[in-house]
Amino acid sequence: MSRRTTLALSGAAVAALAVAGASLSWTIAAPRAAAFAERDLARRYGLGLTVAGPATLTLLPAPRLTFSEVRLRRGGHDLVASEGLQVQLGLAGLLAGRAEITGLVLERARIALPEGADRDWAEPAARLAARAAAGRGRHLRRLVLVDATLSLRDPRTGHRETVTGLNLVANWPRPTAGLDLSAAFTWRGVPATLALSGLRPRELAAGAESPVAAALTWTGADTAGRRATVAGSAEIEGSLTWADETPKDGPAKEASATETAKGGPRLSGQARFATAALPATLAWLGIAPGPAALTGPVSLDGRFLARPGGVEWPTIRVRVGDNQLEGAGAASLVRGRLAVTGTLAAEQLDLSGLLTGTGLLTGTGLLAGTGLVPEAGLSPEAAPGSWSRSPLALDGITSGDLDLRLSAASARLGPVEAQDVAAGLLVRDGTLEATLGRATVQGGTVKGRAALASLPAGIDARLQGSADRIDLGGLFADLGWPRWILGRAQGSVALDGAGSSLADLVGRLAGRAAATVEGGEILGVNLADLAQRPETAATALRRGGRTHFERARVSLTVSDGVAEIGQGQLRGAALAASLGGRIFLAERRLGAEARIDPGPDGRAGGSFAIEGPWLRPSLRPLTARTLPPATLPAAASAYAP
């Protein structure tokens, strides 16, 4: 073997041994190593470092110090307690004999923010921002958290919140480059992931706009008693700025002074949000669902502008269930209470989902899952076919504020379809008001207003409405009711009541109602034939028949759940009849009397009782009352003329 070959092999062996040695971890004195790293942490971020465990040094593939049982401190507070800390060092600084920390890896760190610790984090953050804005000196290029736990106090509620299983990787290779971050964590029992890219800390620290793209996803099974799966996603593409605490001086800034009076981030751009269960997602975020409790799957897509405590959507597309709407909106959050305003329009709108699980009779529940009644079901003392006796409360759906204006070319509520709909929903603390500005139903116009207000025990309800030229036959067919009367109807209603349950409320109703039907007919009975043969009244409704009329009118005066029939009249070409009596709303029962007037052609009249359940009434002829013959005492003759 030649001398040159021997030297080459020897050099290669020495190099290999050197590389192998540099790749190994060498145990070194922990206090001196900690003091070496602490000098850079203190100089750049004002943080102190204490180490209780051993320390090792590794040179390749990159110089790094590894510590065990580490604490990062400031102001007498332990900001971070970690089982392991890896400090990545710049090679140039290490050769010059000084520490230049380029990366940190914290293993199973416990990051706690006790009372007053926000001030301890303020200076390190301010130093980092100043260095980034100036573009001078080395910066932290990489931060990694492995199975970390973050504990902090929610500023909205003051409650302690904990994020567990936090795995985070943040890369910022150059001061002029963007920062990329990815994280996975569990919060309130729900796993979530976060990805952020394009953020430029240097521009942001200098007060300029920085592009940003972020995506957040969360999914979890039923936890903490929630009845729906918490799942959804949010994506943002836009720009981020950080406003000063006070607005800039000068007349040109007067218009925007109120907007920038409070410092903090300003985020604008395009946003997309989707969740399979909005009430469960809001509850997971610690936000009272309020009126959102009436919804299910929801998605949003549009331009937005977000400031501390609020967000605006100049243009937004909303999908609620199968409904697609477009318009504008805004939302704000004050002390955990969500307030939403919006003006939305749709070609087709199906609100039948709001009635899912809804019913006014026992056995069906009333707005189950919304807080309007409890989930447990109905009172055992309520019999089938009666009004529900479950307690009524608005707390569940009035825990947030809503001011919503809706318009739709076509809308459906349950089985009823309407066109040219303009409606509104207003929810405030303890009150709910729904207005129907206009709607075309079966060729006629409908308007109305319903208002509910919380009481110490139950609710106060008020209803006003009017209808004009409604086709009753078509309306009854849509509702699935028997088509017992046809014609064009107009009417009005004004009712109010208060109660702790629906049965209690109906039993206390008071108000007035009136209806008029033009050019119609009654199906199922021939009143003229019934007057001629009153003995057939028991089977008249089963035999069928028709009664044509020109005009029918009825007015009701309601008091304590009983409707008194004031004016009940029916007029036809050869027939006249009147109706009187009562309708017992609480018992869902009729107690009325119909009188058929004798005809001009000598046709006999008659009176009939209409009794029983209002869905299955029965007819019974009433005999004419005759007075007994009058007899005068003998002494009375003295007074006779």
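Just above sits the structure.
Predicted, not measured: the structure shown is a model, and the values here were computed from it.

The next point concerns the overall build of the protein chain. When helices and strands are tallied, the protein chain shows 11 helices and 30 strands. Evaluated residue by residue, the protein chain yields a buried proportion of 36% over its 641 residues. For the protein chain, the proportion of contacts with a sequence separation of at least 24, taken over those separated by at least 6, is 49%. When the accessible surface of the protein chain is summed, it comes to about 34,400 Å², and 59% of that surface belongs to carbon and sulfur atoms.

We now examine the nonpolar core. Core analysis: the biggest nonpolar cluster contains 77 residues, and Phe304, Val517, Phe549, Leu570 and Ile583 have the highest contact counts within it. Aside from chain neighbours lying at most four places away, what touches isoleucine 583 is Leu556, Gly561, Val562, Ala563, Ile565, Arg589, Leu590 and Trp614. With 44 residues, the next largest nonpolar core counts Ala33, Phe67, Val70 and Leu104 among its residues.

Moving on to the environment of arginine 73. Within the secondary structure, arginine 73 sits in strand β4 (residues 64-74). With residues near it in sequence (within four places) discarded, arginine 73 still touches Leu47, Gly48, Thr50, Asp78 and Leu79.

Let us look at the side chain of serine 607. Tracing the sequence through the fold places serine 607 in strand β29 (residues 606-613). On the basis of relative accessible area, serine 607 is assigned to the buried category, the value being 18%. Aside from chain neighbours lying at most four places away, what touches serine 607 is Glu593, Ala594, Arg595, Arg620, Pro621 and Leu622.

We now examine helix α2 (residues 30-45). Taking 1.5 Å of rise per residue, 16 residues should cover 22 Å, and α2 covers 21 Å from first to last C-alpha, within 8% of that figure. Of all the bends in α2, the greatest, near 25 degrees, is centred on glutamate 38. Those residues of α2 that sit buried are Ala30, Ala33, Ala34, Phe36, Ala37, Asp40, Leu41, Arg44 and Tyr45. Glycine 46 sits one or two positions beyond α2 and adopts a positive phi of about 70 degrees.

The next subject is the pattern of salt bridges. Inspection of the entire model under this criterion finds 22 salt bridges. Linking arginine 508 and aspartate 504 is a salt bridge whose minimum nitrogen-to-oxygen distance equals 3.1 Å. Between arginine 620 and glutamate 611 there is a salt bridge, and its shortest N-O distance comes to 2.8 Å. By relative accessible area, which is 39% here, arginine 620 ends up partly exposed.

What the rule picks out here adds up to four aromatic pairs. One aromatic cluster is present, formed by Trp187, Trp218, Phe273 and Trp284 through successive ring pairs. Above the plane of the ring of tryptophan 387 lies arginine 588, whose end atom (NZ or CZ) is 5.0 Å from the centre. One Lys or Arg, arginine 589, reaches over the ring of phenylalanine 584 and ends 4.2 Å from the middle of that ring.

Moving on, we get to the side chain of asparagine 323. Summarising the element assignment, asparagine 323 is placed in strand β16 (residues 323-334). One polar contact links the side chain of asparagine 323 to the main-chain amide nitrogen of aspartate 350, over a distance of 2.6 Å. When residues no more than four places from it in sequence are discounted, the contact partners of asparagine 323 are Val318, Gln348, Leu349 and Asp350.

A few words on the environment of alanine 514. Within the secondary structure, alanine 514 sits in strand β24 (residues 510-523). With relative accessibility at 23%, the residue alanine 514 sits in the partly exposed group. C-alpha of alanine 514 to C-alpha of isoleucine 565: the two residues are 51 residues apart in sequence and 9.7 Å apart in space. Here alanine 514 is in contact with Gln490, Gly491, Ser492, Arg553, Val554 and Ser555, once residues within four sequence places are set aside.

What counts, and at which threshold
- Residues numbered from 1 in each chain as written.
- Predicted model: local features only at pLDDT ≥ 70, side-chain atom pairs only at ≥ 80, totals over all residues.
- Heavy atoms only, no water.
- Helix = DSSP H or I, 4+ residues; strand = E, 2+ residues; numbered from the N terminus.
- Buried < 20%, exposed > 50% of the residue type's maximum accessible area, 1.4 Å probe, protein only.
- Contact = heavy atoms within 4.5 Å.
- Areas by Shrake-Rupley, 256 points an atom, 1.4 Å probe, with all protein chains shown as cover.
- Core = buried A, V, L, I, M, F, W, Y, C linked by side-chain atoms within 4.5 Å.
- Expected span 1.5 Å × (residues − 1).
- Bend = angle between axes of the 7 residues up to and from the residue.
- Salt bridge = Lys/Arg side-chain N within 4 Å of Asp/Glu carboxyl O.
- Phe/Tyr/Trp six-rings, centres within 6.5 Å; stacked < 30°, edge-to-face > 60°.
- Lys NZ or Arg CZ within 6 Å of the ring centre and 35° of its normal.
- Polar contact = N/O pair within 3.5 Å; in protein donor to acceptor, adjacent residues only side chain to side chain.

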